[in-house]
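Observations on the model geometry
Single-letter residue listing:
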Amino acid sequence: MVTGGTGALGAHVARWLATNGAEHLALVSRRGADAPGAARLRSDLEASGSRVTFLRADVADRPALTAALDTLDAQ
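None of the values given here were measured: they were computed from a predicted structure. (Residues numbered from 1 in each chain as written. Predicted model: local features only at pLDDT ≥ 70, side-chain atom pairs only at ≥ 80, totals over all residues. Heavy atoms only, no water.)

Taken together, the buried positions of helix 2 (residues 38–47) are occupied by Ala38, Leu41 and Leu45. Mapping the buried residues of helix 2 onto a view down its axis gives an arc of 60°, with all of them on the same face. Along helix 2, exposed side chains directed more than 90 degrees from the buried face belong to Ala39, Arg40 and Ala47. Lining the buried residues of helix 2 we find helix 1 (8–19), strand 2 (24–29) and strand 3 (51–56). Among the residues trailing helix 2, Gly49 stands out with phi positive, at a value near 100°. (Buried < 20%, exposed > 50% of the residue type's maximum accessible area, 1.4 Å probe, protein only. Helix = DSSP H or I, 4+ residues; strand = E, 2+ residues; numbered from the N terminus. Arc of directions from axis to C-beta. Contact = heavy atoms within 4.5 Å.)

Below, the discussion takes up the environment of Leu17. Position of Leu17 among the secondary structure elements: in helix 1. Residue Leu17 is classed as partly exposed on the basis of its relative accessible area of 26%. On a C-alpha basis, the gap between Leu17 and Thr66 in space is 23 Å, while along the polypeptide they are 49 residues apart. Ignoring anything within four residues of it in the chain, the contact list for Leu17 reads Val2, Ala22 and Leu25.

Low-confidence regions, as indicated by low pLDDT, have predicted coordinates that should not be scrutinised in detail. Across the protein, the average pLDDT comes to 95, with 100% of residues at 70 or higher. Across the protein, the secondary-structure element scoring lowest on mean pLDDT is helix 3 (residues 62–73), at 91, and the one scoring highest is helix 2, at 98. (pLDDT = per-residue confidence, 0-100.)

So, on to the environment of Ser48. Checked against the element boundaries, Ser48 lands in the loop between helix 2 and strand 3. For the pair Ser48 and Ala35, spaced 13 residues apart in the sequence, the C-alpha separation amounts to 21 Å. Other than its neighbours up to four places away in sequence, Ser48 contacts Ala18 and Thr19.

Here we come to the sheet that holds strand 3. The parallel open sheet is built from three strands, whose spatial order is 1-2-3. The two strands at the open ends of the sheet, each matched to only one other strand, are strand 1 (2–3) and strand 3. Those strands touched by helix 2 are strand 2 and strand 3, and its axis lies near 150° from that of strand 3. Set on the sheet, helix 3 makes contact with strand 2 and strand 3; between it and strand 3 the angle comes to about 155°. (Pairing = 2+ DSSP bridges. Axes fitted to C-alpha atoms, helices over the stretch in contact; angles between N-to-C directions.)

Written as structure tokens, this is what we have:
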């Protein structure tokens, strides 16, 4: 799980994780898959062999983060 996963630093970390063998990346951000550049990021990460899940949540909002993480359990 990478918080701020669609921002500049989070995307950089996610790309590093993907190129170093991460099988599944959960990227958490306030805008989730609707964040600017998210489609390109998904494409880059999947090209490296990682499965990608975007989660929409503000990590400062504990109930929202819990609900977002619960969706991972359902997968």
